[in-house]
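Below are the chains, spelled out letter by letter.
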Amino acid sequence: MAGKFEVYQDRGGKYRFRLKASNGQVVASGEAYETKAAARKGCEAVQNAAAGASIAETDS
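What comes next is a walk through the structure. Keep in mind the model is a prediction, meaning the values are calculated, not measured.

**Remarks on the pairing of strand S3 (residues 26–29)**
Two elements, strand S2 (residues 15–20) and S3, share 3 bridges in a ladder whose sense is antiparallel. In the sheet register, Lys-20 faces S3, and the bridge partner there is Val-26. What sits between the antiparallel neighbours S2 and S3 is a turn of 5 residues, in which Gly-24 has the positive phi angle 90 degrees.

This is the structure:
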């Protein structure tokens, strides 16, 4: 089973998204958005960017 995005309203009334793995663990979360539609667009942007993304290691 694939992971899923959840869009929710936080305590401050803003909308956010989180990406959950198939085991229910949160593996990524998004910033605060003013509207639910904007949060959904954030999910879509992550989906599109991740499709061909490479892994880059950097020094901390």
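**A short note on the packing of aromatic side chains**
What the rule picks out here adds up to 2 aromatic pairs. Ring centres of Phe-5 and Phe-17 lie 5.8 Å apart, and the angle between their planes is 65 degrees; this geometry places the pair in the edge-to-face category. Here Phe-5 is found in strand S1 (residues 4–9), whereas its partner Phe-17 is found in strand S2, with 12 residues between them in sequence. Judged by relative accessible area, Phe-17 falls into the buried class, the value being 5%. Ring pairs connect the aromatic residues Phe-5, Phe-17 and Tyr-33, which therefore count as one cluster. In this structure, Arg-18 is placed above the aromatic ring of Tyr-8, and the distance from its NZ or CZ to the ring centre is 4.0 Å.

**What about the sheet that holds S1?**
Spatial strand order, S1-S2-S3: 3 strands in an open sheet with antiparallel pairing. Looking at the sheet topology across the chains shown, the edges are occupied by S1 and S3. Sheet twist, expressed as the mean angle between neighbouring strand axes with direction ignored, is 30 degrees.

**Some words on the pattern of salt bridges**
A complete count under the given rule lists 5 salt bridges for this structure. Asp-10 serves as the salt-bridge partner of Arg-16, at 2.8 Å between the closest nitrogen and oxygen. When its relative accessible area of 26% is taken as the criterion, Arg-16 is described as partly exposed. Close ionic contact of Lys-14 with Glu-34 constitutes a salt bridge, the shortest N to O distance being 2.2 Å. Of this pair, Lys-14 sits in the loop between S1 and S2 while Glu-34 sits in the loop between S3 and helix H1 (36–51), and the two are 20 residues apart along the sequence. A residue is classified by how much of its surface remains accessible, and Glu-34, at 57% relative accessible area, is exposed.

About the thresholds
- Residues numbered from 1 in each chain as written.
- Predicted model: local features only at pLDDT ≥ 70, side-chain atom pairs only at ≥ 80, totals over all residues.
- Heavy atoms only, no water.
- Pairing = 2+ DSSP bridges.
- Helix = DSSP H or I, 4+ residues; strand = E, 2+ residues; numbered from the N terminus.
- Phe/Tyr/Trp six-rings, centres within 6.5 Å; stacked < 30°, edge-to-face > 60°.
- Buried < 20%, exposed > 50% of the residue type's maximum accessible area, 1.4 Å probe, protein only.
- Lys NZ or Arg CZ within 6 Å of the ring centre and 35° of its normal.
- Axes fitted to C-alpha atoms, helices over the stretch in contact; angles between N-to-C directions.
- Salt bridge = Lys/Arg side-chain N within 4 Å of Asp/Glu carboxyl O.

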